[in-house]
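Read off the chains here:
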Amino acid sequence: MRTWFPYPLLTTVLLVMWLLLNQSLAPGSILIGLVLGMVLGWVTLKLHPARSHLHRIGRAAGFLLEVIADIVRSNIAVASIILRAHRFPANAGFLTVDLDLEDENALALLACIMTATPGTAWLEYDRRQKTLLFHVLDLQNEEVWRGTVKRYEAALKEIFQ
Amino acid sequence: MSHLTDLPTWAAVGVCSLLLLGAAMTLIGSLGLLRLSNYYERLHAPTIATSGGTILICLASMLCFAVLQSRWIFHELLIIFFVTVTTPVTLALLGQAALYRDRFEERNGVPRKHKPESEKSTD
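Residues numbered from 1 in each chain as written. Chains lettered and ligands numbered in written order. Predicted model: local features only at pLDDT ≥ 70, side-chain atom pairs only at ≥ 80, totals over all residues. Heavy atoms only, no water.

> How should I be thinking about the interface of chain A and chain B in this particular structure?
Often, the extent of an interface is quoted as the loss of accessible area on bringing the components together. Across the contact, 34 residues belong to chain A and 38 residues belong to chain B. For the pair chain A and chain B, the summed buried area comes to about 3200 Å², and 71% of that belongs to carbon and sulfur atoms. Its largest share of buried area at the contact with chain B, chain A owes to I82(A), T115(A) and L123(A), together 18% of the area lost on that side. Linking chain A with chain B are one salt bridge, by the criterion used here. We note a salt bridge from R103(B) to E124(A), for which the minimum N-O separation is 3.3 Å. The interface formed by chain A and chain B includes eight residue pairs in polar contact (both at pLDDT 80 or more). Contributing elements (two or more residues each) for the side of chain A that touches chain B: helix 1 (8–22), helix 3 (57–83), helix 4 (104–116), strand 2 (120–126) and strand 3 (131–136) of chain A. Each residue belonging to the side of chain A that touches chain B can be placed in one class, and the counts come to 22 nonpolar, eight polar and four charged. (Contact = heavy atoms within 4.5 Å. Buried area = accessible area lost by both parts, 1.4 Å probe. Salt bridge = Lys/Arg side-chain N within 4 Å of Asp/Glu carboxyl O. Polar contact = N/O pair within 3.5 Å; in protein donor to acceptor, adjacent residues only side chain to side chain. Helix = DSSP H or I, 4+ residues; strand = E, 2+ residues; numbered from the N terminus. Nonpolar A, V, L, I, M, F, W, Y, C, P; charged D, E, K, R; others polar.)

> Teacher, can you tell me more about the sheet that holds strand 1 (residues 93–98) of chain A here?
The strands that make up a sheet pair up through hydrogen bonds in the backbone, lying either parallel or antiparallel. Residues and elements named next belong to chain A. The antiparallel open sheet is built from three strands, whose spatial order is 1-3-2. In this open sheet, the two strands that pair with only one neighbour each are strand 1 and strand 2. Geometrically, the sheet is characterised by an average inter-axis angle of 25 degrees between neighbouring strands, direction not taken into account. Strand direction decides the pairing type here: strand 2 and strand 3, joined by six bridges, are antiparallel. For Y125, the partnering residue across the bridge sits in strand 3 and is L132. In the packing of helix 4 onto the sheet, contacts are made with strand 2 and strand 3, and the angle to strand 2 comes to roughly 155 degrees. (Pairing = 2+ DSSP bridges. Axes fitted to C-alpha atoms, helices over the stretch in contact; angles between N-to-C directions.)

> Hey, could you run me through the nonpolar core in this one?
Nonpolar side chains tend toward joint burial in soluble globular proteins. Judged by nonpolar contacts, the single largest core of 27 residues is most densely connected at F63(A), L99(A), L110(A), M114(A), W122(A), L132(A) and F134(A). Residue assignment for this core shows that the elements contributing at least two residues are helix 3, strand 1, helix 4, strand 2, strand 3 and helix 5 (142–160) of chain A. A per-element tally of this core places helix 4 of chain A first, with seven residues. If sequence neighbours within four positions are ignored, L110(A) has contacts with L99(A), L101(A), W122(A), Y152(A) and L156(A). With 20 residues, the next largest nonpolar core counts L137(A), L7(B), I48(B) and L68(B) among its residues. (Core = buried A, V, L, I, M, F, W, Y, C linked by side-chain atoms within 4.5 Å. Buried < 20%, exposed > 50% of the residue type's maximum accessible area, 1.4 Å probe, protein only.)

> Looking at this structure, how should I read the pattern of salt bridges?
Where charged atoms of side chains with opposite charge meet at close range, the side chains can pair. Residues and elements named next belong to chain A. Inspection of every chain in the model, using the stated rule, returns nine salt bridges over all chains. One salt bridge connects D70 with R151, and the closest N-O pair in it is separated by 3.3 Å. Note that D70 is positioned in helix 3 and R151 in helix 5, a separation of 81 residues in sequence. The exposure class assigned to D70 is buried, which follows from its relative accessible area of 8%.

> Quick question: what am I supposed to make of the side chain of E76(B) here?
Residue and element names in this part refer to chain B. By secondary structure assignment, the location of E76 is in helix 3 (residues 74–104). Among the residues examined, E76 registers a relative accessible area of 3% and is labelled buried. Excluding residues that lie within four positions of it along the chain, E76 makes contacts with C58, S61, M62, F65 and R71.

The analysis is restricted to geometry; functional conclusions fall outside its scope.
Spelled out as structure tokens, the structure:
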């Protein structure tokens with residue numbers, strides 16, 4: 001079973017996704033979905049993804065709401081900066097933060113969150129120094145931005161480790 | 001599109017305002033590409049379109065088809081998911097390309113790369 005379906009969960013999710021996208025339960029759709037899930041499972045095996053274990057799903061839900069609130073807030077903030085850019089040039093700059101997240105999936109999630117909130121752009125993560133270089137559009141207060149990243153980091157650490 | 005007339009007024013108002021807000025966000029994102037002055041600042045402008053714009057327009061579509069009950073709202077969730085997951089790749093790639101070039105040309109205002117001790121001695 002393991003040789004055919006190296007990632008059973010992934011295969012199941014892909015099958016369900018395929019059926020929902022096609023909105024049919026015809027045998028043909030199920031067959032294509034199964035083949036798709038199997039082949040993509042093999043491809044994933046070749047990619048050697050890092051496995052991580054989720055703890056505290058309840059904390060993850062709270063964190064999701066926190067992130068959504070931040071996304072809304074930063075969208076409005078960046079929109080107003082762009083609209084006022086003629087009169088008040090943006091005060092942008094680089095920032096570095098020390099991160100001690102080990103988990104690769106947690107780092108990837110952090111990159112997604114920082115990109116989804118406009119105003120912060122993930123530039124470079126130094127694996128040896130464990131520092132993250134990012135660019136901020138509105139550099140009013142460096143400590144606030146560092147605090148935000150640290151807050152995300154703490155939550156991700158709680159969820160992943 | 002005759003079946004769109006089945007949409008009740010409250011839903012139509014909601015769908016329209018979400019759609020217009022999303023379009024406005026996307027427009028502001030494009031405007032940012034014009035207005036912001038340097039490359040790293042301009043990196044932020046499209047992310048407003050990919051997060052705010054996409055989410056609002058997908059929410060409008062979800063509301064519309066949920067009220068009409070003509071189709072599952074699963075597609076929009078997938079769009080939001082994949083856009084959110086794939087944008088960081090492009091953004092980091094563009095940012096790193098710019099950083100690499102600026103460091104190579106030794107421009108001012110660009111943070112230097114920290115070299116570990118072992119590589120410093122060989123330089």
